[in-house]
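# Tertiary structure, described
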Amino acid sequence: MAEGMSRGSQAATMCAALIRRRSRRHPQKPSELRADLLDRRRAPLAAPLAPPLAWSAHQGGGPAPMQGIRAGLRPRVFMQLLLPWLMVFLYEGFAYNAVYLHRVLPAVGKKDLQTPFLILFNVVWGLAMWSYLRAHSADPGSMPRRWLQFVDSVGQGLPIAPARPEWQPGKATFCKKCDLTRPERAHHCVICQACILRMDHHCPWINNCVGFNNHKHFLLLGTYACLASYVALITTLPELFTCAAMLARMDDSFAFEHTDLELADVASFLIFGFLALFIALLLTPMLMAHAPLATLNMTTIEDNYRNMPNPFDQGSIFGNLSQVFGAFGADWFLPIAPWRPLSDGVSFPRSDERLGPDGLPERIIGDQALEIEDLWRSRYHVFAVDYWQPPAREESGLASLSQLWACNQ
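Only a predicted model underlies this, so the values are computations on that prediction, with no experimental measurement involved.

## Quick notes on the overall build of the protein
The helix and strand tally for the protein stands at 11 helices and nine strands. Counting only residues that meet the buried cut, the protein has 44% of its 409 residues in that class. Carbon and sulfur atoms make up 63% of the accessible area of the protein, which totals about 21800 Å².

This is the structure we're talking about:
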């Protein structure tokens with residue numbers, strides 16, 4: 001009698017501890033937890049499990065976790081970094097068009113260069129501004145709903161590897177901060193408080209992560225902003241020297257009274273030249289650091305991995321860039337989503353795999369084309385698991401385990 005009461009007390013204690021641990025992760029009522037445990041006990045493993053609570057809140061209309069964090073950070077970072085950079089970009093465009101093209105060039109007798117310079121600079125400058133806004137506003141790569149549904153559907157059949165700072169191809173990892181399972185090459189951003197597909201880094205200048213969805217926009221931003229700075233400097237360099245000499249009274253042959261220029265025109269034009277030089281010196285090293293990594297199909301995080309050669313290297317610069325920009329086309333040069341993406345952000349082609357017509361790893365068996373979930377099952381080594389049933393007869397010290405299940409009823 002006493003022994004039975006002791007076993008029952010022990011089982012009740014274990015049950016309460018389990019419920020408390022589950023409550024810390026998912027704040028539900030104890031009765032709901034007991035019902036949930038009972039349903040999972042009775043339901044077959046192949047049946048889809050309930051989605052995570054954070055995802056359920058998102059499905060129900062609430063803001064996504066990442067969007068909520070970014071919304072809180074946006075006003076402060078906007079005033080500190082985004083607004084100054086936007087002002088610099090807008091000033092460069094205004095000074096080149098209003099001051100240089102319409103004031104300085106006519107004053108030095110080069111009015112015939114207005115049209116070609118206007119087209120050349122504004123095309124590149126406009127693409128840089130477009131890329132900047134897209135890199136800032138685009139979702140860098142939050143966990144897709146289809147992946148979350150896949151994780152829930154396979155349940156315990158999906159092996160989960162511990163997250164390590166090394167190459168982990170074909171391994172799903174679990175993020176303790178987000179409380180969700182993430183695919184290969186995904187990492188947690190401590191600033192956005194979210195896991196990002198193929199995360200590269202968090203860029204404070206665009207107030208956004210650089211990940212699978214906006215890595216292309218980020219590279220185009222660096223390219224076009226650098227190119228716009230160099231175009232501005234090369235086309236205005238003679239006039240910059242002339243105006244600097246005139247302002248310093250070093251050249252008496254070109255004075256204010258002999259032209260239509262005013263002191264404000266010269267000063268604003270020289271400020272424009274200084275800012276263009278500053279942007280060029282700032283962005284050139286950044287572009288030289290990120291562009292070579294893109295040609296190797298690597299991120300800045302993965303550049304530190306040394307446990308094996310890059311398993312996602314496609315063997316050529318063009319093939320690696322296609323993993324970021326999509327299949328080659330006119331969309332390569334525009335800050336838009338790739339028209340023909342070669343990856344879904346969850347499964348990335350490896351160097352030893354054959355690719356299908358869509359650029360993804362070939363997933364055709366015989367004459368039957370498989371769904372993307374079938375590719376994920378193969379990539380992440382999902383195995384079938386028979387749902388465990390508790391023993392019908394109590395044995396020795398494990399006898400209280402059946403009581404643990406009973407207490408959930």
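## With respect to the UniProt feature "transmembrane region" (unreviewed entry) in the protein
Mapped onto the present numbering, the UniProt feature "transmembrane region" (unreviewed entry) falls on residues 77–96, 116–133, 218–247 and 267–288. With 100% helix and 0% strand, the stretch residues 116–133 has end C-alpha atoms that lie 26 Å from each other. The distance separating the terminal C-alpha atoms of residues 267–288 is 32 Å; by composition the span is 100% helix and 0% strand.

## Some words on the pairing of strand β2 (residues 172–175)
Sheet topology places strand β1 (residues 160–161) next to β2; two bridges connect them, and they run parallel. The residue of β2 that forms the bridge with Ile 160 is Ala 172. When β2 meets strand β3 (residues 180–182), the two strands line up antiparallel, connected through three bridges. Bridge pairing in β3 links Phe 174 to Thr 181. The antiparallel hairpin formed by β2 and β3 contains four residues in its connecting segment, where Asp 179 sits at a positive phi of about 60 degrees.

## Observations concerning the packing of aromatic side chains
For the structure on display, the rule yields 22 aromatic pairs. Ring centres of Tyr 96 and Tyr 100 lie 5.2 Å apart, and the angle between their planes is 50 degrees; this geometry places the pair in the tilted category. Here Tyr 96 pairs with Tyr 100, and both are found in helix α4 (residues 65–107), just four residues apart, close to one helical turn. Tyr 96 sits in the buried class, given a relative accessible area of 0%. Geometrically, the ring pair formed by Phe 269 and Phe 272 is stacked, given 6.0 Å between the ring centres and 15 degrees between the ring planes. Here the residue Phe 269 and the residue Phe 272 both occupy positions in helix α8 (residues 263–295), the gap between them amounting to three residues, near one helical turn. The pair Phe 269 / Phe 272 is uniform in exposure class, with both members buried. In textbook terms, an aromatic cluster arises when at least three aromatic residues are bridged by ring pairs, as seen for Tyr 96, Tyr 100, Phe 117, Phe 121, Phe 269 and Phe 272. Its guanidinium or amino end placed over the ring of Phe 312, Arg 185 lies 4.5 Å from that ring's centre, counting from NZ or CZ.

## Focus: the confidence of the model for the protein
With 67% of its residues at a pLDDT of 70 or more, the protein shows a mean pLDDT of 77. In the model, residues 1–8 has pLDDT below 50 throughout and makes five contacts with residues more than four positions away in sequence or in other chains. pLDDT under 50 marks residues 364–368. Its contacts with residues more than four places away, or in other chains, come to three contacts.

## Focus on the environment of Phe 333
Mapped onto the elements, Phe 333 comes out in the loop between α9 (317–325) and β8 (364–365). The exposure class assigned to Phe 333 is partly exposed, which follows from its relative accessible area of 46%. Along the backbone, Phe 333 and Tyr 224 are 109 residues apart, and their C-alpha atoms lie at a distance of 9.7 Å. For Phe 333, the residues in contact, after removing those within four places along its chain, are Leu 127, Leu 220, Tyr 224 and Phe 328.

## Some details on the side chain of Arg 379
Tracing the chain through its elements places Arg 379 in helix α10 (residues 372–379). Polar contacts involving the side chain of Arg 379 include one to the side chain of Ser 347, which spans 3.1 Å.

## Description of the sheet that holds β2
With respect to topology, three strands assemble into an open sheet ordered β1-β2-β3, the strand pairing being mixed. Each edge of the sheet is formed by a strand with only one pairing partner; in this case those strands are β1 and β3.

## What about the packing of helix α6 (residues 145–154) against α10?
In the contact formed by α6 and α10, the axes pass within 11 Å of each other and the chain directions differ by 60 degrees. With respect to α10, the element α6 is oriented oblique. Regarding α6 and α10, the two cross each other, and that crossing is right-handed. Between α6, through Arg 146, Trp 147, Phe 150 and Val 154, and α10, the contact on the second element is made entirely by Ile 372, Glu 373, Trp 376 and Arg 377. Grouping the constituent residues of the contact of α6 with α10 by class yields five nonpolar, no polar and three charged.

The rules we used
- Residues numbered from 1 in each chain as written.
- Predicted model: local features only at pLDDT ≥ 70, side-chain atom pairs only at ≥ 80, totals over all residues.
- Heavy atoms only, no water.
- Helix = DSSP H or I, 4+ residues; strand = E, 2+ residues; numbered from the N terminus.
- Buried < 20%, exposed > 50% of the residue type's maximum accessible area, 1.4 Å probe, protein only.
- Areas by Shrake-Rupley, 256 points an atom, 1.4 Å probe, with all protein chains shown as cover.
- UniProt positions renumbered as here; feature names shortened; annotations may be inferred.
- Pairing = 2+ DSSP bridges.
- Phe/Tyr/Trp six-rings, centres within 6.5 Å; stacked < 30°, edge-to-face > 60°.
- Lys NZ or Arg CZ within 6 Å of the ring centre and 35° of its normal.
- pLDDT = per-residue confidence, 0-100.
- Contact = heavy atoms within 4.5 Å.
- Polar contact = N/O pair within 3.5 Å; in protein donor to acceptor, adjacent residues only side chain to side chain.
- Axes fitted to C-alpha atoms, helices over the stretch in contact; angles between N-to-C directions.
- Parallel < 35°, antiparallel > 145°, perpendicular 65-115°, else oblique.
- Left-handed = near helix turned anticlockwise from the far one by under 90°.
- Nonpolar A, V, L, I, M, F, W, Y, C, P; charged D, E, K, R; others polar.

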